[in-house]
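If you want the building blocks of each chain, they are given just below.
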Amino acid sequence: MQDLVPLPALADNYIWLADLGGGHLVVVDPGEAAPVDAALARRDVASVTILLTHHHRDHVGGAMALRERWAARVIAPHDDRIEAATERVGDDQRVDLAAGTHAVALAVPGHTRSHVAFVVDDVLFCGDTLFSLGCGRLFEGTAAEMQSSLARLAALPPQTRVCCGHEYTVANARFARHVDPGNEALAEHASWARATRAAGRPTLPSTIALERAANPFLRCDAAAIRKAVDALDPDIDAGTVLGRLRSLKDGFDG
Ligand code: ZN
Ligand code: FE
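Quick caveat, the model's predicted, so the values are computed rather than measured. (Residues numbered from 1 in each chain as written. Chains lettered and ligands numbered in written order. Predicted model: local features only at pLDDT ≥ 70, side-chain atom pairs only at ≥ 80, totals over all residues. Heavy atoms only, no water.)

Can you walk me through the sheet that holds strand S4 (residues 47–51) in this structure?
Sheet strands pair by backbone hydrogen bonding; their relative direction is either parallel or antiparallel. In space, the 6 strands of this open sheet follow the order S1-S2-S3-S4-S5-S6, with mixed pairing throughout. What marks the edges here is a single partner per strand, and that holds for strand S1 (3–9) and strand S6 (87–89). Pairs of neighbouring strands in the sheet enclose a mean axial angle of 25°, with direction left out of account. Across 5 bridges, strand S3 (residues 24–28) lies against S4 in parallel orientation. (Pairing = 2+ DSSP bridges. Helix = DSSP H or I, 4+ residues; strand = E, 2+ residues; numbered from the N terminus. Axes fitted to C-alpha atoms, helices over the stretch in contact; angles between N-to-C directions.)

Here's what the structure looks like:
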């Protein structure tokens, strides 16, 4: 992959733009078309492939217009609510992209029932499943589903770059510090994120290594997290811990 940039869109979304080489571009979760059109107008475009992680409007809103304008392939999960799709992918399915690169889809239910993540080279596009220092809300899935989806992403190689659908890191850090006050990796990353946002730069991509060290939703077995949700008893499973943590955060955010 020659280039990987987040295009800010809507209120706090990122549309990811990856250049596979030779002008073969991948666009992930275009919630609106305009930022993508502007970015593509500045490049020599050989082909455009759109990857969609889930059906929410802030991730697919620009897909149909872009598909028409750029003759793009649109790869999406099996879900009739995503009308712009030209190809559907299921769990563990590999899709050849341009320039000798491929994407692997991973089913990650929890935020929505058909949500997928895509792995391209050492890059993870995880939509609204995993955020830096947080995770998506449980709209259609159970806490147990979300916990196993997150555990699956956490098992990717540590150097994997994590490209999420939203810039939520600073707000997530406030909650993470509340439930995991003694975590130094978290404290350090939280102050880096505040300074980075204050300077107007994105806090993403993150890495799997950082998220494993600092994201409370990937640390459901850590004593500090279990203590925060009154689940020190080891018989309480990780899915239950995640459910309690998610409810606590829903209240924390107001
Ligand atoms: Zn969403
Ligand atoms: Fe979203």
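I keep staring at the packing of aromatic side chains and nothing clicks. Help me out?
The geometry of an aromatic ring pair is captured by two quantities: the separation of the ring centres and the angle between the planes. If you walk through the whole model with that rule in mind, you get 4 aromatic pairs. Aromatic side chains Phe 175 and Phe 217 sit 6.2 Å apart centroid to centroid with 25° between the ring planes, which places their arrangement in the stacked category. Residue Phe 175 is located in helix H5 (residues 169–179), and its partner Phe 217 is located in the loop between helix H7 (208–214) and helix H8 (223–228); the two are separated by 42 residues in the primary sequence. Like Phe 175, the residue Phe 217 is buried in the burial classification. Taken together, Phe 175, Phe 217 and Phe 252 form an aromatic cluster joined through their ring pairs. (Phe/Tyr/Trp six-rings, centres within 6.5 Å; stacked < 30°, edge-to-face > 60°. Buried < 20%, exposed > 50% of the residue type's maximum accessible area, 1.4 Å probe, protein only.)

Whenever I open this one, the pairing of strand S10 (residues 123–127) confuses me. Can you help?
The two faces of the sheet receive side chains in turn, since in a regular strand these alternate between them. With 5 of its 5 residues buried, S10 lies for the most part within the structure. Of the two faces of S10, the one carrying Val 123, Phe 125 and Gly 127 and the one carrying Leu 124 and Cys 126 are both buried. Counted between consecutive antiparallel strands, the loop separating strand S9 (residues 116–120) from S10 contains 2 residues, among which Asp 121 sits at a positive phi close to 55°.

Would you mind showing me how to read empty space enclosed by the protein here?
Empty pockets left among the atoms are what a rolling probe the size of a water molecule brings to light. Counted according to the given criterion, the structure contains 1 cavity of 30 Å³ or more. Space inside the largest cavity adds up to approximately 40 Å³. Lining the largest cavity, in full, are Tyr 14, Trp 16, Val 28, Asp 29, Thr 53, Phe 125, Cys 126, Gly 127, Cys 163, Cys 164 and Gly 165. (1 Å grid on protein atoms, 1.4 Å probe; cavity = no way out; pocket = protein on both sides within 12 Å on 5 of 7 lines; lining within 4 Å. Points joined across faces, edges and corners; volume = space filled by probe spheres on them.)

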